[in-house]
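# Summary of structural features
Each chain is listed here by its residues.
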Amino acid sequence: MKLSEDLRWRGLIHQTTSPELDAQLDAGGLTFYWGCDPTADSLHVGNLLGGVTIRRLQHGGHRPIVLAGGATGRIGDPSFKATERPLLDDAKIDANVAGIQRQLRSFVDFDADNGAILVNNLSWIRDMRVIEFLRDVGKHFTVNQLISRESVRARLEDREQGISFTEFSYTLLQGYDHLHLFREYDCVLQVGGSDQWGNILSGVELVRRSDAKTAHGLCWPLVTKADGTKFGKSESGSVWLDPARTSPYQFHQFFLRTDDETVGKYLRYFTFLSHGEIEALDVDTLDHPAERRGQHALADAVTTLVHGEVETQRAKRAAELLFRGDITAMDEAMLLQVFSEVPSAKFARGSVAVIDALVELQLSPSKSAARKAIEQGGVTVNAERMANVDATIGSLLHDRYAVIRRGKKEYGLVSFG
């Protein structure tokens, strides 16, 4: 199957600037770029689709440029943001760029014949003078044209928030990125999520007006949460690619919890499984939904892509031990991964009542409610069911931890020291 056909089958072509792009995608040999701003020191699930898609394009014979926006990150992209981003200081942005650049290397091959190029737009924007920017870039855009774009118009219609001139200029800087990369590397294509469509058009238009040449844009659909909002670094509920922010276990669980209506789409988006394998999993999801084969295949494939096979197997082993209630078999690193997102509390060494721990962890609203939960047999400490309302936390896991469970699914982690 041709590259363009595969991308369309997977639902990865949301919009393009020209129907002629399909033939160029299939022919190979394009240089293209994808960028992300360093508003955090890690990529997230929303960026993951970009990382996987640029890998597909590289496998299709194209040369990727991955751009960390050290300059544009100092402004903030207003696209479909309800409020203006807080400005970060230079030291924080530089640290974020370094973190993102490390992660970008896991998606693309820098040593192939069409090896990827890693760039930071601060290197060509930092010394640009205001007059030069206004004359060489600003003159090619009308205010009418910019405010007609949906991402900007929504902010203009909000009388309380509005949009600052700083954010309003963002699309011009991103357009200049494309022009610079076009001149420096013959980069004829910019790719990104559908929220970047307006910015992508700025680059295509600037190349046409400045150099009288044709450039292209391609965007894929945004990955959204169940409520329809986008996954983002500044949004709530972010799922990070950095294992220090979202553990491989929690990352694996995130994809394992994908609902049946979404799993087929995610298998197409995020995995390199063949069309036949995915279609077989589609049938399994319809015929045997309780077995969740699609979700397991998805979680395994994506976790391996991001964290490696060893961490995938550890995540699966941890889930198995938790399901069996055998938390005592977990090593310390696995224990901390599994319970990294549950309520936690720290106590000094000594006697701690289970009732006090339940309240401190907010697993019970009061001591009387905690006492009642114990009397009803609904509390375990390190997999041991508590029967005595006056019980204290006894033996510890790894001489430091106690996992307290109330009911079937409410967990808390106590540490001592």
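Residues numbered from 1 in each chain as written. Predicted model: local features only at pLDDT ≥ 70, side-chain atom pairs only at ≥ 80, totals over all residues. Heavy atoms only, no water.

### Comments concerning the overall build of the chain
Secondary structure assignment for the chain yields 19 helices and 11 strands. Seen through its principal axes, the chain has C-alpha atoms that stretch 80 × 50 × 40 Å. Looking at the chain as a whole, 52% of its 417 residues qualify as buried. Contacts in the chain between residues at least 24 apart in sequence constitute 72% of all its contacts with a sequence separation of at least 6. When the accessible surface of the chain is summed, it comes to about 19700 Å², and 48% of that surface belongs to carbon and sulfur atoms. Taken as two groups, the 48 positive and 56 negative side-chain charges of the chain have centres that lie 3 Å from each other. (Helix = DSSP H or I, 4+ residues; strand = E, 2+ residues; numbered from the N terminus. Buried < 20%, exposed > 50% of the residue type's maximum accessible area, 1.4 Å probe, protein only. Contact = heavy atoms within 4.5 Å. Areas by Shrake-Rupley, 256 points an atom, 1.4 Å probe, with all protein chains shown as cover. Lys, Arg positive; Asp, Glu negative; His and termini not counted. Charge placed at Lys NZ, Arg CZ, Asp CG, Glu CD.)

### Overview of the pattern of salt bridges
Side chains that carry opposite charge are capable of pairing whenever their charged atoms lie near each other. Under the definition given, this model contains 18 salt bridges. One salt bridge in this structure joins Asp-211 and Arg-183, with 2.7 Å as the shortest N-O distance. Residue Asp-211 is found in helix H11 (residues 197–211), and its partner Arg-183 is found in helix H10 (residues 170–185); the two are separated by 28 residues along the sequence. The partner of Arg-293 in a salt bridge is Glu-291, and the shortest N-O contact between them spans 2.4 Å. Note on Arg-293: relative accessible area 37%, which makes it partly exposed. Taking the relative accessible area as the measure of exposure, Glu-291 reaches 39% and is therefore partly exposed. Connected through salt bridges with shared partners, the residues Arg-317, Glu-320, Arg-324 and Asp-326 form a single ionic network. (Salt bridge = Lys/Arg side-chain N within 4 Å of Asp/Glu carboxyl O.)

### Brief notes about the state of the cysteines
By the definition in use, this model includes zero disulfides. For the unlinked cysteine Cys-219, the closest cysteine sulfur is that of Cys-187, found at 16 Å. (Disulfide = S-S within 2.5 Å.)

### Remarks on the confidence of the model for the chain
In this model, the chain carries an average pLDDT of 91, and 93% of its residues clear a pLDDT of 70 or more. Predicted confidence for residues 232–236 stays below pLDDT 50, and this span has 16 contacts to residues more than four positions away or in other chains. (pLDDT = per-residue confidence, 0-100.)

### Overview of the sheet that holds strand S7 (residues 344–347)
Taken in spatial order, the five strands of this open sheet run S7-S11-S10-S8-S9, and their pairing is mixed. Strands with a single pairing partner mark the edges of an open sheet, and in this sheet they are S7 and strand S9 (384–385). Inspection of the sheet shows strand S8 (residues 379–381) paired to S9 by two bridges, in the antiparallel sense. Each bridged residue has a counterpart across the sheet, and for Thr-380 the counterpart in S9 is Arg-385. (Pairing = 2+ DSSP bridges.)

### Considerations on H11
Between its terminal C-alpha atoms H11 stretches 21 Å, which fits the 21 Å expected from 15 residues at 1.5 Å a residue. Buried within H11 we find Trp-197, Gly-198, Asn-199, Ile-200, Ser-202, Gly-203, Val-204, Glu-205, Leu-206 and Val-207. In this structure, the buried side of H11 is in contact with strand S1 (15–16), helix H6 (130–136), helix H7 (143–147), H10, strand S5 (187–193) and strand S6 (216–220). One or two residues past the end of H11 sits Ala-212, with phi positive at roughly 55°. (Expected span 1.5 Å × (residues − 1).)

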